[in-house]
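What follows is the residue order along each chain.
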Amino acid sequence: MIGRTLAHFKITAKLGEGGMGEVYRATDTKLGREVAIKALPEDLGNDAERLARFDREARVLASLKHSAIAAIHAVENEESLHFLVMELVEGEDLAKRIARGPIPLGETLAIAVQIAEGLESAHDQGVVHRDLKPANLMLGPDGKVKILDFGLAKALEGSGSALAVDVSTSPTLTAQMTRQGVLLGTAGYMSPEQARGSEVDKRADIWAFGVVLYEMLTGAGAFRGDSVAEAMASVLKVEPDFDRLPAGTPRGVRRVLRRCLEKDANRRLHDIADARIELEEVDPEALEEAIGARADAASVRSRSAVFLRAGVAGLIGLIVGALAWSWAGSKAPPGGDAAPTLVRRSLIPLPEGKPLLPTDSVALSPDGSKLAIAAGLDTPMLYLRRLDSDEMEPIPGTEGAVAPFFSPDGDALGFLDMDHVKKVSLRGGARDITVLCEAPAGFRGAWSDDGWIYFTFGESRLARVRETGGEVEEFGNAGDVFHTSPLPQGKGMLLTVHSTDRHSTRKDTSQIAVLSPDGQTVKPILEGGYNARYLPTGHLVFLRGGGLFAVPFDLELLETSGREVSVQPRVWSDSIWGTSHYATSSDGTLIYVSAGDFARTVLTWVDLETGESEPLAIPPGLYNTFNLSADGRRLAIQDLSGAQDQIWIYDLERDAFTRLTLEGASFYPAWSHDGSEVFFSSNRDGQVRLYRQPVDSSVPATRLLTDEQEALMEANVRWPSSATPDGKYVIIYTWGHPERGGDLWKVPLDGSSDPEVLLATEHNEIIPQVSPDGRWYSYQSDQKGVYQTMVRQFDHGQDREWNISGGLGYDPRWTPSGDAILFWKGFKSLMRSPVTIGEKLTVGTPTKLRDIRFHDAAGSSLAISPDGKRVLVQEPVEVDLWDDVPMTLVTGWSDEVARLAPQGK
């Protein structure tokens, strides 16, 4: 192979070989860079099914972008040889470094944290390594770590044949790694579930991480044997010899090792981020310096080696004990007189059969004595628990409530119900409910200590009303606000403002700002976060990427300082809708639901008869609304992963993913009926306007309406939703009318006339869908207080309407045959309502098809296959909201935040 040119890559040297193929150094003659070429096993090219699967998996791997992961540049082939073009990583692999002996604690932790960061990034994108070992970890001359062969074992998985494996170089046992009953992994590093041939997930990587960490500290393997069989038996039966760890190993490091190396995967750490955070808190330099100083002093004071050893051991015990106490969340006060605060965690169960709503559903009273939640998917309402009691009591009259928030004294609870801002008294046994004001499409609220209740409504508008009710004041100067929280001492309100410079619907790219008490000024304080709250320790905590971060905050200057630090990974959040399940109190208490970013999804087919699911070959990611072409061959989807939202086209037959839009940010794709073009909204001209573009990109995108025609709608936002079968109209819905909610319009595609109103009322009517025969259209309306599925005749806009759902129902979709409408009830139940269409409409009784996990995208969360047998949904990755997942209550948490994010650093 040396000297051979593959495509435009000239092979210059052999770097190694193993069970995953041979690796060569090569020069990219086009780009003038050095790369690594991995020639894949020959039997891969002879198996079309395996080759197609490999190609799909390799594209997923190529999407991984992290400084600790060696990048895949391309998948190529020449004749029968298939090969990967990869980043060339210079340096020494970790196996060679360990062969020279144990690695000092400081160096070990620096390496381990980088490995954990790389694994964390990949796991967040749904990719598991499955063969993590020192030979797959490269140490660069600059101290940087690169993880090699990420997920290649999965990519090389075959349906029948196993790879030829050289156990001495890479004892990977088969290529059918995650199939039940089949073994895979390098024997000394495979998890017990791998060794048993069971299915594996990211916890197998966490196990292997623990083995690697152990080996770095001791210079020896945690599970050894003279043969693969003996090593596997050790993994299954033998506990690691933790006595081999260096005597000064901090307790936090030992704890990480024990949690990573739990043989029961359910008791093992569930997230590598937890290991990373603990290891980042260990201060190895200070520990080693203290040990050295103590040893020097002891040698001067005494010539006895016995006394020296005793002195060093005693100091190690003191330092390790101090580290453990610090890790537990203590914070010594300046005077040192008061006892440190201990961090304590406990689980708070939900009412039986009443999971939390996928909105901001938890609240703590300022003194930390009361908890309020919004729960129950079909009939949501508020529940109250006093934390000195075991009872979670329902609050009558709060049906349909979302987003609870406490008054400053904790004696009342505010909430919204999509149409109003209300409050309920918590004093004594009375539960008097007061309507304070109207709030169409109200979403979140907060109660300031000067008697104002701030709330968001509509698309992203901010207003306030006095706690006694009265006139509503709206803040037109605040921008697009979707969250607010009070600062103490009357310093104003924390806002989360949608970042107009990024033009992204992702909420973790938003801006956190402070609104002055008089409502006149908005001061930006932090970029890239949402749902911020103030802690009495002088910190802001906020959400980003599915976890809580903290940063020191000066309440007088209204400025942040120091480094933003992760303080609680895996908090249930949604970086599209900006919702979360966490709350804090002024006494330093935190409550949260442990999960991930609910917005990270994978597009999945669900069989309506069997319930079996089949993910599309698209990498899991942050996707918003999507639409399937009428012939079921192509999918238009809004991708949020970049700096600006874009629309992509996925060809289901060719398994090809192609970017459609290139300018600005583009949103809410909808197909023409013949599938030749896509309608969408875009801000490419500085304002959000309606566009159309051929799928083959034969001509650039063009405007659907003129400025004058769009001005007729008197709305801030216009979204395309459905096209008529005759090709004459696209149906859109608008949002942001000064006097109304969402309105429905039909836009002529030939430009012969102005857009016409289909339906405009004082309520919100959104997401219209035209029936297959073009005579009817469905939509969802909140005229009854909650969204319900309705139908009207297409040419009789304001005439009679039919209630299809008979109650809660949204995102309706006609079956291709027109014999039924599918819609969601609650946040998981897929319903079917039979209909007969034609000159007249006959409506049957809705029945439930099945419960399906899905993410409610802002414009579309459901598509139906042309044969009507399957539905396409966005299935959340690693989050199952519909289980009755308990909440975690953490007392003393603000002191832990102060330790993790010290002031002035």
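Below is a short write-up of the structure. (Residues numbered from 1 in each chain as written. Predicted model: local features only at pLDDT ≥ 70, side-chain atom pairs only at ≥ 80, totals over all residues. Heavy atoms only, no water.)

### Quick notes on the packing of helix α6 (residues 202-218) against helix α9 (residues 272-280)
Two numbers describe a pair of packed helices, the interaxial angle and the distance between the axes.
Phase 1 of the analysis: Close contact between α6 and α9 brings their axes to 10 Å; oriented N to C, the two are set at 30°. Taken as axis vectors, α6 and α9 run roughly parallel relative to one another. Our pair here, α6 against α9, has a crossing hand that is right-handed. Contact residues: I206, F209 and L213 in α6; I272, A275 and L279 in α9.
Phase 2 of the analysis: Each residue belonging to the contact of α6 with α9 can be placed in one class, and the counts come to six nonpolar, no polar and no charged. (Axes fitted to C-alpha atoms, helices over the stretch in contact; angles between N-to-C directions. Helix = DSSP H or I, 4+ residues; strand = E, 2+ residues; numbered from the N terminus. Parallel < 35°, antiparallel > 145°, perpendicular 65-115°, else oblique. Left-handed = near helix turned anticlockwise from the far one by under 90°. Contact = heavy atoms within 4.5 Å. Nonpolar A, V, L, I, M, F, W, Y, C, P; charged D, E, K, R; others polar.)

### What about the environment of L662?
Phase 1 of the analysis: Note that L662 resides in the loop between β41 (656-659) and β42 (666-671).
Phase 2 of the analysis: Residue L662 is classed as exposed on the basis of its relative accessible area, which comes to 64%.
Phase 3 of the analysis: For the pair L662 and A701, spaced 39 residues apart in sequence, the C-alpha separation works out to 9.9 Å. (Buried < 20%, exposed > 50% of the residue type's maximum accessible area, 1.4 Å probe, protein only.)

### Some thoughts on helix α8 (residues 251-260)
Phase 1 of the analysis: Every buried residue of α8 is accounted for by G252, V253, V256, L257 and C260. Take α8 and look down its axis: the buried residues cluster within an arc of 140°, on one side only.
Phase 2 of the analysis: As for α8, its buried residues are in contact with α3 (105-124), α6 and α9. (Arc of directions from axis to C-beta.)

### Let's talk about the sheet that holds strand β19 (residues 444-447)
Phase 1 of the analysis: Pairing within the open sheet is antiparallel, and its four strands lie in the order β19-β20-β21-β22. Both outer strands of the open sheet, β19 and β22 (473-474), are each paired with one neighbouring strand and no more.
Phase 2 of the analysis: Where β19 lies against strand β20 (residues 452-457), four bridges are found, and the strand directions are antiparallel. Across the sheet, residue A446 finds its bridge partner in β20, namely Y454. (Pairing = 2+ DSSP bridges.)

### As for the sheet that holds strand β18 (residues 433-438)
Phase 1 of the analysis: If you trace the four strands from one edge of the open sheet to the other, you get β15-β16-β17-β18, paired in antiparallel fashion. Looking at which strands have only one partner, the edges of the open sheet turn out to be β15 (402-406) and β18. Neighbour-to-neighbour, the strand axes of this sheet turn through a mean angle of 25°, independent of strand direction.
Phase 2 of the analysis: Relative to strand β17 (residues 420-425), strand β16 (residues 412-416) is paired through five bridges, and the arrangement is antiparallel. Its bridge partner lying in β17, L413 is registered against V424.

### Some points on the packing of aromatic side chains
Phase 1 of the analysis: Summed over all chains, the structure comprises 18 aromatic pairs.
Phase 2 of the analysis: Here Y668 and W719 contribute two aromatic rings whose centre-to-centre distance is 4.5 Å and whose plane-to-plane angle is 35°, an arrangement assigned as tilted. Of the two residues, Y668 sits in strand β42 while W719 sits in strand β46 (residues 717-723), which places them 51 residues apart along the sequence.
Phase 3 of the analysis: Accessibility expressed as a relative area gives 7% for Y668, which makes it buried.
Phase 4 of the analysis: Owing to a relative accessible area of 7%, W719 belongs among the buried residues under this scheme.
Phase 5 of the analysis: Judged by centre distance (5.6 Å) and plane angle (35°), the rings of Y777 and Y779 are tilted.
Phase 6 of the analysis: Classification of Y779 by relative accessible area gives buried; the value is 0%.
Phase 7 of the analysis: An aromatic cluster of at least three residues, connected via ring pairs, comprises Y729, Y777, Y779 and F794.
Phase 8 of the analysis: Between R544 and the ring centre of F549, over which it is positioned, the NZ or CZ distance is 5.4 Å.
Phase 9 of the analysis: If you follow R684 out to its NZ or CZ, it ends over the ring of Y691, 5.0 Å from the centre. (Phe/Tyr/Trp six-rings, centres within 6.5 Å; stacked < 30°, edge-to-face > 60°. Lys NZ or Arg CZ within 6 Å of the ring centre and 35° of its normal.)

### Quick notes on the pattern of salt bridges
Phase 1 of the analysis: On inspection of all chains with the given rule, the structure shows 45 salt bridges.
Phase 2 of the analysis: R385 is the partner of D390 in a salt bridge, and the nearest nitrogen-oxygen pair spans 3.8 Å.
Phase 3 of the analysis: Among the ionic pairs, R813 bridges to D811, the shortest N-O distance being 2.8 Å.
Phase 4 of the analysis: Looking at D811, the relative accessible area reads 1%, which means it is buried.
Phase 5 of the analysis: One salt-bridge network, in which partners are shared between bridges, spans R689, R703, D707, E710 and R718. (Salt bridge = Lys/Arg side-chain N within 4 Å of Asp/Glu carboxyl O.)

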